[in-house]
Amino acid sequence: MEIDRVLEEFRMAGTRVSRRDLLRAAGVGGMSAGAVALLAACGGTATPSTSGNSNANASAPTPIPQTSILGGSATPESNAAAASPTASTSAGTPIKGGTWRFAIQSDPVPYPVTLPNALPDLLVCKTMYDGLVKYQLQNGVIQVVPDLADSWTANSTLTEYTFVLKQGVTWHDGQPLTADDVKFTFDTELDPKTNTSSRGNISSIQSVEVVDTHTVKFVLKNPYAPLPVMLGYNRWIVPKHLLQGQDPNQPTSFLKNPVGTGPFKFKQVAQGSYLEVQANPDYFGGAPFLDGIVFKVIPDGNARVAQMKSGDIDFTPVDTSQVSAVSGLPNVTVRQAPQVQYEYIAFNHKDPRFADVRVRQAFAYALDRDAMLKNLLKGYGSVANGPISPLMGDYYNPDVQKYSLDLNKAQQLLSDAGWKKGSDGILANDKGDKLSLRFLGTNIFPLYPLDMVYAQQQFQKLGVDIKLDIESWTVNNQKELAFEWDLLRSYWITPPEPDMYDHYYSKSAANDWAYSNPQVDDILTKARQEPDHQTRVNLYHQFQQIVATDLPLIYLYYPQEVQAVSTITHDLPVMGYRDALSWMNKVWLSKS
Amino acid sequence: MAAYVVRRLLQAVVLLFIVSVVTFLLIHAAPGGPAILSNPELSRDEVAQIKKNLGLSDPLPVQYLRWLKNLSHGDLGTSYNSVAAVTDLIRDRLPNTLVLGGVSLVLSILIAIPLGVVSAMRRNSALDRVVTGATFLGISMPVFWFAIMLIIVFAVELRILPTGGMFTIGQGFSLTDRAKHLVLPALTLVVLNLAELTRYTRSAMINVLGEDYIRTARAKGLAGNVVIRRHALRNALIPVVTILGVYVPRAVSGAAITETVFSWPGMGLLAVTAANTRDYPVVLGATLTVAVIVVLSSLLTDLAYGVLDPRVRLR
């Protein structure tokens, strides 16, 4: 029956390689003296597992109970039964009360629709607003579960989706949530006059129609399987009755008192210091245990560690170099959480020197990724052999070509491809081209200069001349888009969706590497329109095999997020904090 | 005197205009563009569209004139990063910086000048050597290291002072609470300022003490203290006042590093972040604000000269 097949599909939601987040509020992390130093402390002493699948949750994907996305009143609570283990050793019954303190790097804007769409904004919005769906980690796989939506269906060609909203949901000011709010939100986001960065993920939407007060229909421009997942990716519903008539880019009166449907509502803000939200007792998912959350603005990484130590904050993500500073403390737990992210080194496919796949494979054979993972990431993550991680369940294909360190093989491949060392020691072909490359990366992540220097070392052993070009975030982005590089160190954070069309399809605007492979084009086009789950799985398995051999990129790792959490925090889901914060209604604080 | 002040103010307006043009050109020349447009989620078309929406695709003179026109209405524009009016941001943050900077400066003066004077009078004594050594240490210490050390010692280990911020969240306004939060950041800045100020005072004093008129005064039979108070100090203060003229802008523009480490919501942090992320309206607004204060303080300094040094007649 259509519904069953469609629901099967939504088990592992859509395909659409998500775009990156702006990982840090741009600039702040890079600015104070020792901006890189501020994240650098002694090396870590925590001992995470370093096996191939160091993600403790990445067990072989198991079938997901249908109840997770079925209609009816599937609430987050009912899904919790299937949820993976949560934060610190939960001592039984939740206690009401307490304020949870979360460190952010800069002032948040508690309004989700428009730029800057920066990280602190997203984090605050996750507690104050809701989307149609959200993400939950179940048995090592990130699933889409209903949030404001009760259930959804699609037509057989995946060009129309109908979402049924939950009944009885109210805004923080008491007004009821209706389909009009959903339509208003999406109309605003799709309007070109609105400055927003989240339009790309929903660009397939042609129109949003109100069917009745609690039913919304999305009419798409083309068949699109990933829609449900995309609707949960940093996307929230905003109130029409309060925002109508205001400038969406600068809703000044709304910003003074923002209103959402989420488990927490706006309480107060002090510019440059903090933003406070308080519990919403009428939250449809059940009143939160916490009294409130304070988002403290702490721009300096060392200061965040210090406040964690002194017990002034309950949560901060930490860089691997800061782990030792927060380990072994009686009031802090260090844990790692999975996130859907992969790190890579890209080839500039406009460059004919990279046209021969043997050259690309040679580069891959020159790196010892296990050593990089162990020494540079301190084991927090796992080696990646492709863009789809085990967190995507059965879409993940482990049977692909892998590259371990083999300098001889690398040298041989280069030689076979016609590259011989010239008198200056640099590889050259008989046309006189030299393998003298510009390697671009940004220093906003302390990891990048480290692994770039290592890679440079290794590549130079082969006779490749590497010039490192390490830039600030904005300059890096500018150069990247202008293709002023030969090798690029970068990453993608994606929604839990295998659709890589936007990055790998040859004519995609977001294909930043100019990669072009007609086979890949064909598979990705088919897969994003395919309603049948197993067929999609097979297509993506094929895709992974192709890219592992064709190597548009050298896949490096799936990094884990390292978090410092206070020991009094309980039931915070073990997910990347962006996703964990959508579940704040379940978190509680013990007395000590 | 009045004519002098008026002339100076007119000069100030011209100066401010030049400052704004230079700032405008510099920040637009910086590569990369506004950080909000560097969001990887944006396609090239979207970036172009947003640029147009923000007025950034207009030629630079047009953009500058638009800014100037808004300025004449008291509107400094909207921050790209905070979606807040620049005037609101500055209004919220400037007092915080002034408090921190002001308190630090006053403390520095109260400590440094006597210290410098005594040091100069007892040149090469044990006291002098200690002071010189300590000030040398103070100048050489990296700010961010010293600041974080203070936090670790006093806030994390000893727990007698807060780890950062301007006040305790959730409490109403309390003077003791604010004072407690002010201690460590002010201490950081004082130690920094102290080192320089003491050395300047000491040098200035040493120079003055070597002057002929001091020898004359002593020869006249005046007691040491009287010599210092009536003749030496006033003259030694002139170069010191000059230095203070430099300290005021520093205090106002905010010590970005100190503010960052102590999470102090001030102008320094705001301006530096804005510059790094090319938040043009904030950069222009913050620079202009600081420039206005600098110009005014420079005027006050010159007026102070008129008081201190009768040889100076302000025309």
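This structure is a prediction, so every number in the text was calculated from the model and none was measured.

Visitor: Can you explain the overall build of chain A? Please cite residues and give values.
Guide: A count of helices and strands for chain A gives 19 helices and 23 strands. In chain A, which comprises 592 residues, the share counted as buried stands at 58%.

Visitor: Go over the sheet that holds strand β14 (residues 381–383) of chain A, please, and point to the residues and values.
Guide: Residues and elements named next belong to chain A. Judged by pairing direction, the sheet is mixed, and its six strands sit side by side in the order β14-β20-β13-β19-β17-β18 without closing on themselves. Each edge of the open sheet is held by one strand with a lone partner, namely β14 and β18 (465–471). Across the sheet, the axes of successive neighbouring strands diverge by a mean angle of 25°, strand direction being ignored. In the sheet, strand β13 (residues 341–347) pairs with strand β19 (residues 487–493) via seven bridges, with the strands oriented antiparallel. For I345, the partnering residue across the bridge sits in β19 and is R489. Against the sheet, helix α14 (residues 447–462) touches β13, β17 (436–442), β18 and β19, its axis set at about 170° to β18. In the packing of helix α15 (residues 473–481) onto the sheet, the strands contacted are β17, β18 and β19, and the crossing angle to β17 comes to about 135°.

Visitor: Now, about the sheet that holds strand β7 (residues 215–220) of chain A: what can you tell me, with residues and values included?
Guide: All names here are of chain A. Within the open sheet, the four strands sit side by side as β4-β5-β7-β6. Their pairing is antiparallel. The open sheet has two edge strands, β4 (149–154) and β6 (205–212), and neither has a second partner. Between one strand axis and the next, the sheet turns by 20° as a mean value, whatever way the strands run. Looking at chain direction, β6 and β7 are connected through six bridges and run antiparallel. For D212, the partnering residue across the bridge sits in β7 and is T215. Along the sheet face, helix α5 (residues 179–190) touches β5 (160–165), β6 and β7 and points at about 165° away from the line of β6.

Visitor: Which residues make up the packing of helix α11 (residues 267–276) of chain B against helix α12 (residues 280–308) of chain B, and what values go with them?
Guide: Residue and element names in this part refer to chain B. It is at 8 Å that the axes of α11 and α12 come closest, and there the two elements cross at 140°. Classed by the angle they form, the pair α11 and α12 counts as oblique. Where α11 crosses over α12, the handedness of that crossing is left-handed. Contacts between α11 and α12 involve M267, L270, A271, A274 and A275 from the former and V282, V283 and A286 from the latter. Partitioned by chemical class, the residues of the contact of α11 with α12 number eight nonpolar, no polar and no charged.

Visitor: Pulling in residues and values, what's your account of the interface of chain B and chain A?
Guide: Listed per partner, the contact involves 50 residues of chain B and 51 residues of chain A. Going through the elements one at a time, α2 (44–54), α4 (86–121), α6 (143–157), α10 (256–261) and α11 of chain B are the ones with two or more residues in the side of chain B that touches chain A. A per-class count over the side of chain B that touches chain A returns 24 nonpolar, 18 polar and eight charged.

Visitor: Help me get a handle on α6(B), residues and values and all.
Guide: Owing to its 3.6 residues per turn, the α-helix aligns residues three or four sequence positions apart on the same side. Its 15 residues place the ends of α6(B) 20 Å apart at the C-alpha level, agreeing with the 21 Å of an ideal helix rising 1.5 Å per residue. V143(B), F144(B), A147(B), I148(B), I151(B) and A155(B) are the residues of α6(B) that are buried. On its buried face, α6(B) sits against α9 (301–309) of chain A together with α7 (175–209) and α10 of chain B. Among the residues trailing α6(B), R159(B) stands out with phi positive, at a value near 60°.

Visitor: Summarise the pairing of strand β8 (residues 264–270) of chain A; cite the residues concerned and give the values.
Guide: All names here are of chain A. Pairing between β8 and strand β9 (residues 274–279): six bridges, direction antiparallel. Bridging from a neighbouring strand, Q268 pairs with E276 of β9. The hairpin turn running from β8 into β9, its antiparallel successor, is three residues long, and G272 in that turn takes a positive phi close to 80°.

Visitor: Give a description of the nonpolar core that names residues and reports values.
Guide: Note that soluble globular proteins tend to have their nonpolar side chains buried in a common cluster. Among the nonpolar cores identified, the biggest contains 240 residues, and I293(A), V326(A), L524(A), I554(A) and A286(B) are the most heavily contacted of them. Considering every element that reaches this core, the biggest residue donor is α7(B), with 15 residues. Apart from residues no more than four positions distant in its own chain, I554(A) is found in contact with Y344(A), I345(A), F363(A), A364(A) and L367(A).

Visitor: If you had to explain the environment of N477(A) to someone new, which residues and values would you point to?
Guide: Mapping N477(A) onto the fold places it in helix α15. Considering only alpha carbons, one finds N477(A) and K126(A), 351 residues apart in sequence, at a separation of 27 Å.

Visitor: Outline the confidence of the model for chain B, listing residues and values.
Guide: Residue and element names in this part refer to chain B. The pLDDT averaged across chain B works out to 86; a share of 99% of its residues lies at or above 70. Within chain B, helix α9 (residues 224–253) has the poorest average pLDDT of any element, 74, and helix α3 (residues 60–72) the best, 93. Scoring the predicted complex yields pTM 0.83 and, for the interface, ipTM 0.85.

Visitor: Any details on α14(A)? Residues and values, ideally.
Guide: All names here are of chain A. In this model, α14 (16 residues) spans 23 Å end to end at C-alpha, consistent with the 22 Å of a helix rising 1.5 Å per residue. Of the positions making up α14, those classed as buried are L447, Y448, D451, M452, A455, Q458 and F459. Along the axis of α14, the buried residues cluster in a sector spanning 130°; they form a single face. Pointing more than 90 degrees away from the buried face of α14 are the exposed residues Q457 and K461. Contact partners of the buried residues in α14: β13, α11 (357–365), α12 (369–375), β17, β18 and β19. Where α14 ends, the next residue or the one after it, G463, has phi of about 105°, a positive value.

Visitor: Help me get a handle on unusual backbone geometry, residues and values and all.
Guide: Residue and element names in this part refer to chain A. Following L115, the chain continues to P116 via a peptide bond in cis, the omega torsion being 10°. Along the chain, P116 falls in the loop between β1 (99–104) and α4 (119–128). With phi around 50°, N117 is a residue other than glycine that occupies positive phi space. When you line up the elements, N117 lands in the loop between β1 and α4. Unusually for a residue other than glycine, F483 sits at a positive phi of about 55°. Here F483 lies in the loop between α15 and β19. Using a count of 16 C-beta atoms within 10 Å as the deciding quantity, one classes F483 as partly exposed.

Definitions and limits used
Residues numbered from 1 in each chain as written. Chains lettered and ligands numbered in written order. Predicted model: local features only at pLDDT ≥ 70, side-chain atom pairs only at ≥ 80, totals over all residues. Helix = DSSP H or I, 4+ residues; strand = E, 2+ residues; numbered from the N terminus. Buried ≥ 20, exposed ≤ 12 C-beta atoms within 10 Å, placed from the backbone. Pairing = 2+ DSSP bridges. Axes fitted to C-alpha atoms, helices over the stretch in contact; angles between N-to-C directions. Contact = placed C-beta atoms within 7 Å. Parallel < 35°, antiparallel > 145°, perpendicular 65-115°, else oblique. Left-handed = near helix turned anticlockwise from the far one by under 90°. Nonpolar A, V, L, I, M, F, W, Y, C, P; charged D, E, K, R; others polar. Expected span 1.5 Å × (residues − 1). Core = buried A, V, L, I, M, F, W, Y, C linked by C-beta atoms within 7 Å. pLDDT = per-residue confidence, 0-100. Arc of directions from axis to C-beta.

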